[in-house]
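So the chains spell out like this:
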Amino acid sequence: MRLPAFDYHAPATLDEVFAAIGDRGRDTQLLAGGTDLLPSLRSGKRRCRQVVALKGVAGLDAIRFDPETGLEIGACALLAEVQDNPAVREHYPVLASAIRTLATVQVRHKATVVGNLCNASPCADTAPPLMALGARVRIVGPDDQHELPLDGFITGPRRTAREPEELISSVLVPPPDPALRTVFLKFSPRSKVDISAVSVAAALRLEDGLARAVGIFLGTVAPTPMRAASAAAALEGLEPTSEVIDLAARTARGECQPVTDFRASKEYKQHLVEVLTRRALRALVEGGA
Amino acid sequence: MSEARTPPAAPDPAARPVSGPPESLIGQRLPRPDARAKVTGAAIYTDDIQLPGMLYGAMLRSPVAHALIKRIDASKARALPGVKCVITGQDVPAIRYGNWRLVPELQDETVLATDKVRFIGDEVAAVAAVDKDTAEAALALIEVEYQELPAVFGVDEALADGAPAVHDEHPDNLSLRRDIDYGDLEQAFAAADYVREDTFTTHAVSHAYMEPCSALARADSDGRITLWTSTQTPYYVQCLLARTMELRENDVRVIKPAVGGGFGGKMELRPWDFCAAWMARETGRPVKFTLSREEELATGRRRHPVKITSKIAFRQDGTILGKEVTAKLDGGGYNGMGPTATFLIGNFGAMLYKVPAYRYRGIYVYTNNPPAGAMRGFGAPQALFAGEMQMNKAAEELGIDPIELRLKNAMEPGDAIPGVATIGSCGFRECLEKVRELSGWDARMAAKLPGEGLGIACYSFISGGVFNWFNTRYPFSSAEVKVFDDGTAQLTTLAADIGQGSDLILCQILAEELGLKIEDIRLVTGDTAACPQSDLGTWGSRVTLMAGNAVRDAARQVKERLAEMVSLKFDLNVIHEIACGGGHVYSKSKPSRRIPLGEAVAMAQRANRGRPLKASGYYTPRDVGLVSPAFSFGAQVADVRVDLETGLPEVQRMFTVHDCGTELNPMAVEGQLEGSIQMSLGYALSEELLMDRGRTLNATLLDYKLPVAEDMPPSVSETVETYEPEGPFGAKEAGEGLACPTAPAIAHAVHQATGYFCRELPITPVKILRHLGREI
Ligand SMILES: Cc1cc2nc3c(=O)[nH]c(=O)nc-3n(C[C@H](O)[C@H](O)[C@H](O)COP(=O)(O)OP(=O)(O)OC[C@H]3O[C@@H](n4cnc5c(N)ncnc54)[C@H](O)[C@@H]3O)c2cc1C
């Protein structure tokens, strides 16, 4: 299983990127860290005629934080850079802690957050926490640009809402909300360094003892990272007693649609969704109380 | 030479059995000289070697588990530009080979399939081309017409009446039997107060050595071959390559560069060794093969899956009266090292404890799975998983503490497995007592908490094998020692360091004998043309004991010559004992009568017309039973916490106390212990080659899960010092035995924590949760 032949472009500006893509968007793969792209080209899971590398494009690696506008993670910002960024650690600890569980030190120094999202795997570990934070992606095309909520951007395994001739220039995270409690839990039954068998990100505010703005997001248990809307609704506006939390956790279990893989069977993943959702919600409620 | 470095006062360091005065190297924590090169990427492995005009090889493997080859047409592949050579089973001599030269019927492989393929991955053809892409493209152009045959994938299925025969010579798929019998078993069971029978199954796992197999061959104009290959056993490869190529053994030179691990998986001649050599001769250009990780995982050798039934008889007080073990090994398509594993499972079924009556019936069964082979422990991990799990269950039912039950039956020095082995040094009891203390066993057993448990398991292992299945006519280990007038010494040996650090240990042994420093020793190794015949290589934890003894034998002969120089120079009384130490040769009773070693060499050579001062040393075990000259022992406790909601068992700590005789280099022993724990953690919990009708489903390191650094539990260890008379400076093995107790110790701890008793490895959260009543 050798890497198949393709044309390789290393543009220095966005204009050059779009020129290289031209009308061959469907035959093009963009290259960030390549930690997903190269193995998938080698195994034949992805095919392309040309690869356009983004790492030489000036400015795409920026990580910007502004208390008013929030956090912007450029397409080429490395996982390790985001994980170690002081603003991320202070204002978005859930993202830093999720990245900490993603792959290994070596991979985190090569791979990007945006690559993790654009790869559109159900187990992308940055997706649930970024969804819980209400992140959006900025999509740039040859002529214009627009934004989409991250929740909904990933449409299926290896599929996103991006048009073939577009790229994601950055991920945008809203300004920090000091009252929003967030947590990310990831589990593999095999090793501490593994693709998730199940992951859960949860967020809520406690207002007068009631749970508000509840978000529960699950990884690896559906064709895409998913919002567990019914589970969140089971908690929204209620006092988070252990009965209510149990109900939300059971609801999440009913809501997910996992498939069996090498890490866990469908039934075990369903069970894990319940256990991890319960633990996540408990952690949120107990965490600040 | 500084005067401050006075030679040591008596006693002579080399004569002290266990640990000597400060300048003795025995027992020193010496770091590995090759470590820096390996971690910085400077070490040269086979795949790093490039020769001018070199071609790249690739193997065509069978996509089906069992089929007749009706037709092979390689003409399109041969016509592809850049392809220099294509060979199939028709193009090369159909010579059967295998490590069991002593029993030719057991040699059941040809380098390329001739008329039949027997597993998915069986080697069918090989290509050599100007680059790897062309070689792979050519594989796709080779047309093979297979006539598929019904296939068998399980041991019981293969043994059933009317099952398709994997080898026509064995219509019942039974490749071989191994029996061990002694004592009166019927009487033992009749007299027993308590009898139990358990069946355990163990699974296939990969060696997962870091360096995939690689071979590079060059042929000279006379057709003689030089082969660089990633091997544990250069001598076997030399002999078997010569045989398959119809050459004399000395027409083949095998060179072993740095090797990135083997664990038993690199101790045979493999098809790519042959194909590289054959195609190099055909094309006149060097040819290199390097396997991919996927090939390694999907088609490589693996640990034998075994079904073991063990029946054991006790008296009420816990005394073992007798034991009956049957084992069925799933061998896959060929024998490989299976005959040895089949015997060793029987041997380890009766090790550790005094078993007065024993019956073993082991069978090796052909299936259409990828063939298994030797893997660290060579049958012992499977046998001891079954045996130790059963001991723990018996202890529970007899109401005896598991450590007490073991102490009651523990083997002692002088115990024997009749006709098979006699135990020399043995610190097993001390190991058990110390590990009880170290792990806080009694307190923890008295106050059990749900989800938490301690578990114990023990091991014994061989220090090299005695039985000469390769039928060599050379010594099992050889060494040549040369000393120079600049105060250095050279050791030349074919003993194969494959990452375990034996090069350092052998240099250490030589330096100790000659009273030199490690830096004074030069090592020439890993080349059959330069090294004395022979050394059987690295397997069965044999190198320290066997090659170590060969080194001492050679060193002592050199020492005698050097000692003569001191006697002459100082006109010493004949009763003076001469020793080496601190870089000098000196009189033990009058240490001031001394000569620097280099000067003594110069004197000896001047007196002999400059004839180099060197000696050859050998070791071949004789009269030490069938199995091994010496046995290690040890006991291990695992402290495990199980998350009762997710089912996840997490090892909190490992406690190990072991007896490897004299610890020559404690740092090297610790490395073996840590590596063993890592490997066995995977065997117990996360690793399994998942098979579907002969196809390996998880043939990537993403899907086949090895434990990583973050998974490693903290570990505490102690050694029990014994002195093994057969071993160099009292040493015996520390390489494989330690790989055996971890899985049963963890399984026992999980049993204590949850009640789940593992009869089928690996232990998984789902199995634990199901036991706890969850419907998942
Ligand atoms: C050993 C190992 C362990 C891993 N463990 C984990 C893990 O635990 N959790 C996890 O989530 N992942 C894991 N991964 C997967 C991978 O490392 C991550 O998904 C990583 O974040 C991908 O980023 P990248 O920059 O390498 O993406 P690339 O491989 O460069 O790109 C991935 C895909 O996204 C597309 N793409 C990249 N950038 C853009 C862009 N700006 N606009 C549009 N499309 C784009 C590419 O065309 C490609 O299709 C692991 C990978 C390896 C090799």
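Residues numbered from 1 in each chain as written. Chains lettered and ligands numbered in written order. Predicted model: local features only at pLDDT ≥ 70, side-chain atom pairs only at ≥ 80, totals over all residues. Heavy atoms only, no water.

*Asks:* Got a sec to walk through the overall build of chain B? Specific residues and values, please.
*Replies:* Check the secondary structure of chain B and you find 19 helices and 30 strands. Relative to a compact globule of 776 residues, whose C-alpha radius of gyration would be 28 Å, chain B shows 27 Å and is just as compact. Taken along the three principal axes of its C-alpha coordinates, chain B extends 85 × 75 × 50 Å. In chain B, buried positions account for 63% of the 776 residues. A separation of at least 24 residues holds for 79% of the contacts in chain B among residues at least 6 apart in sequence. On chain B, roughly 27500 Å² of surface is accessible, and the fraction owed to carbon and sulfur atoms is 49%. Of the charged side chains in chain B, 81 are positive and 100 negative, and the gap between their average positions amounts to 4 Å. (Helix = DSSP H or I, 4+ residues; strand = E, 2+ residues; numbered from the N terminus. Rg over C-alpha atoms; globule rule 2.2 N^0.38 Å. Buried < 20%, exposed > 50% of the residue type's maximum accessible area, 1.4 Å probe, protein only. Contact = heavy atoms within 4.5 Å. Areas by Shrake-Rupley, 256 points an atom, 1.4 Å probe, with all protein chains shown as cover. Lys, Arg positive; Asp, Glu negative; His and termini not counted. Charge placed at Lys NZ, Arg CZ, Asp CG, Glu CD.)

*Asks:* Lay out the site of the ligand in plain terms, naming residues and giving numbers.
*Replies:* Residues and elements named next belong to chain A. Near the ligand, the surroundings consist of 32 residues, among which Leu30, Gly34, Thr35, Asp36 and Leu37 are the closest. For the ligand, an oxygen atom lies 2.7 Å from a polar atom in the backbone of glycine 33. Isolated, the ligand exposes 990 Å² of accessible area, and the fraction of that covered by the protein chains is 89%. Where the shell around the ligand is concerned, the elements lending two or more residues are strand E2 (28-31), helix H7 (113-118) and strand E10 (167-173). The element best represented in the shell around the ligand is H7, accounting for four residues. (Near = heavy atom within 4 Å. Polar contact = N/O pair within 3.5 Å; in protein donor to acceptor, adjacent residues only side chain to side chain.)

*Asks:* Could you give an account of the domain arrangement of chain B, naming the residues involved and the relevant values?
*Replies:* You'll often see interface size given as the accessible area lost when the parts meet. All names here are of chain B. As assigned here, chain B comprises domain 1 (13-43 + 476-619) and domain 2 (417-466 + 625-771). Between the C-alpha centres of domain 1 and domain 2 there is a distance of 35 Å. Counting residues at the interface gives 29 residues for domain 1, matched by 27 residues for domain 2. Carbon and sulfur atoms supply 60% of the area that domain 1 and domain 2 bury against each other, a total of about 2200 Å² over both sides. Summed over the shared surface of domain 1 and domain 2, the result is one salt bridge. (Domains from an automatic or database assignment. Buried area = accessible area lost by both parts, 1.4 Å probe. Salt bridge = Lys/Arg side-chain N within 4 Å of Asp/Glu carboxyl O.)

*Asks:* Go over the layout of surface pockets, please, and point to the residues and values.
*Replies:* Where empty space is left in the structure can be found by rolling a water-sized probe over the atoms. All names here are of chain B. Within this model, the second largest pocket holds a volume of roughly 1000 Å³. Secondary structure elements with two or more residues in the lining of the second largest pocket: helix H4 (155-159), strand E13 (306-314), strand E14 (320-332), helix H17 (666-686) and helix H19 (765-771). Looking at the lining of the second largest pocket residue by residue, the class counts come to 20 nonpolar, twelve polar and 14 charged. (1 Å grid on protein atoms, 1.4 Å probe; cavity = no way out; pocket = protein on both sides within 12 Å on 5 of 7 lines; lining within 4 Å. Points joined across faces, edges and corners; volume = space filled by probe spheres on them. Nonpolar A, V, L, I, M, F, W, Y, C, P; charged D, E, K, R; others polar.)

*Asks:* Give a description of the pairing of strand E11 (residues 252-255) of chain B that names residues and reports values.
*Replies:* Each regular strand displays side chains that alternate between the two surfaces of the sheet. Residue and element names in this part refer to chain B. Taken together, the four bridges between strand E10 (residues 225-229) and E11 define a ladder with parallel strand orientation. Within E11, the position partnered with threonine 226 by the bridge is arginine 253. Regarding topology, helix H6 (residues 234-244) serves as the crossover connection from E10 to the parallel E11, and that connection is right-handed. (Pairing = 2+ DSSP bridges. Right-handed = clockwise from strand over helix to strand, strands pointing away.)

*Asks:* Break down the environment of Gly548(B) for me, citing the residues and quoting the values.
*Replies:* Residue and element names in this part refer to chain B. Looking at the secondary structure, you find glycine 548 in helix H15 (residues 543-570). For glycine 548, a relative accessible area of 0% puts it in the buried group. When the C-alpha atoms of glycine 548 and leucine 506 are compared, they prove to be 5.8 Å apart, with 42 residues separating the residues in sequence. Aside from chain neighbours lying at most four places away, what touches glycine 548 is Leu506, Ile509, Val543 and Pro728.

*Asks:* Hey, could you go over the sheet that holds strand E23 (residues 584-587) of chain B for me, with residue numbers and the actual values?
*Replies:* Within a beta sheet, neighbouring strands are joined by backbone hydrogen bonds and run either parallel or antiparallel to one another. Residues and elements named next belong to chain B. Taken in spatial order, the three strands of this open sheet run E22-E23-E24, and their pairing is antiparallel. Across the chains shown, the open sheet's two edge strands, defined by having one partner strand only, are strand E22 (578-581) and strand E24 (594-596). Here the average twist between neighbouring strands, direction ignored, is 20°. Across three bridges, E23 lies against E24 in antiparallel orientation. From the neighbouring strand, histidine 584 faces E24, where its bridge partner is proline 596. (Axes fitted to C-alpha atoms, helices over the stretch in contact; angles between N-to-C directions.)

*Asks:* How would you summarise the side chain of Ser170(A) if you had to cite specific residues and measurements?
*Replies:* Residues and elements named next belong to chain A. Within the secondary structure, serine 170 is located in strand E10. Residue serine 170 is classed as buried on the basis of its relative accessible area of 1%. Within the structure, serine 170 has its side chain in polar contact with the side chain of glutamate 72 (distance 2.8 Å). Ignoring sequence-local partners within four residues, the contact set of serine 170 consists of Glu72, Ile73, Gly74, Ala75, Arg136, Val137 and Arg138.

*Asks:* Residue-level account of the packing of aromatic side chains, with values.
*Replies:* Residues and elements named next belong to chain B. Within the structure shown, the criterion is met by 18 aromatic pairs over all chains. With 5.7 Å between their ring centres and 65° between their planes, tyrosine 236 and tryptophan 469 make a pair best called edge-to-face. Here the residue tyrosine 236 occupies a position in helix H6, and tryptophan 469 occupies one in the loop between strand E18 (452-462) and strand E19 (477-483), the gap between them amounting to 233 residues. For the pair shown, tyrosine 236 and tryptophan 469 are each scored as buried. Their ring planes at 25° and their centres at 4.2 Å tell us that tyrosine 236 and phenylalanine 470 sit as a pair that is stacked. One end of the pair, tyrosine 236, is in helix H6; the other, phenylalanine 470, is in the loop between E18 and E19, with 234 residues separating them in the sequence. We note that tyrosine 236, like phenylalanine 470, is buried. In this arrangement the basic side chain of arginine 281 is found over the ring face of tryptophan 278, its NZ or CZ atom lying 4.8 Å from the centre. Taking NZ or CZ as reference, arginine 542 lies 5.8 Å from the ring centre of tryptophan 539, over its face. (Phe/Tyr/Trp six-rings, centres within 6.5 Å; stacked < 30°, edge-to-face > 60°. Lys NZ or Arg CZ within 6 Å of the ring centre and 35° of its normal.)

*Asks:* With reference to specific residues and values, describe unusual backbone geometry.
*Replies:* A cis amide bond links Gln533(B) with the next residue in sequence, Ser534(B), at an omega value of -10°. Mapped onto the elements of the fold, Ser534(B) is located in the loop between strand E21 (521-525) and H15. Note the cis peptide between Leu761(B) and Pro762(B), where omega equals -5°. Looking at the secondary structure, you find Pro762(B) in the loop between helix H18 (742-754) and H19. The backbone of Ala103(A) shows a phi angle near 55°, a positive value even though the residue is not glycine. With respect to the secondary-structure elements, Ala103(A) resides in the loop between helix H5 (93-100) and helix H6 (105-108). The phi dihedral of Phe729(B) falls on the positive side, at around 55°, and the residue is not glycine. With respect to the helices and strands, Phe729(B) occurs in the loop between strand E30 (715-719) and H18.

*Asks:* Report on the interface of chain A and chain B, specifying residues and quantitative values.
*Replies:* Listed as interface residues are 21 residues of chain A and, on the opposing side, 25 residues of chain B. Between chain A and chain B, roughly 2200 Å² of surface is buried when both sides are summed, and carbon and sulfur atoms account for 54% of that area. When the area that chain A buries against chain B is broken down by residue, the three leading residues are Arg2(A), Arg190(A) and Phe262(A), summing to 30%. One can count seven salt bridges joining chain A with chain B. Of the charged contacts in the structure, one is a salt bridge between Glu650(B) and Lys192(A), with a shortest N-O distance of 3.4 Å. Joining chain A to chain B, the criterion identifies twelve residue pairs in polar contact (both at pLDDT 80 or more). Counting residues per element, the side of chain A that touches chain B draws most heavily on helix H11 (residues 266-288) of chain A, at seven residues. Of the residues that constitute the side of chain A that touches chain B, the class distribution is nine nonpolar, three polar and nine charged.

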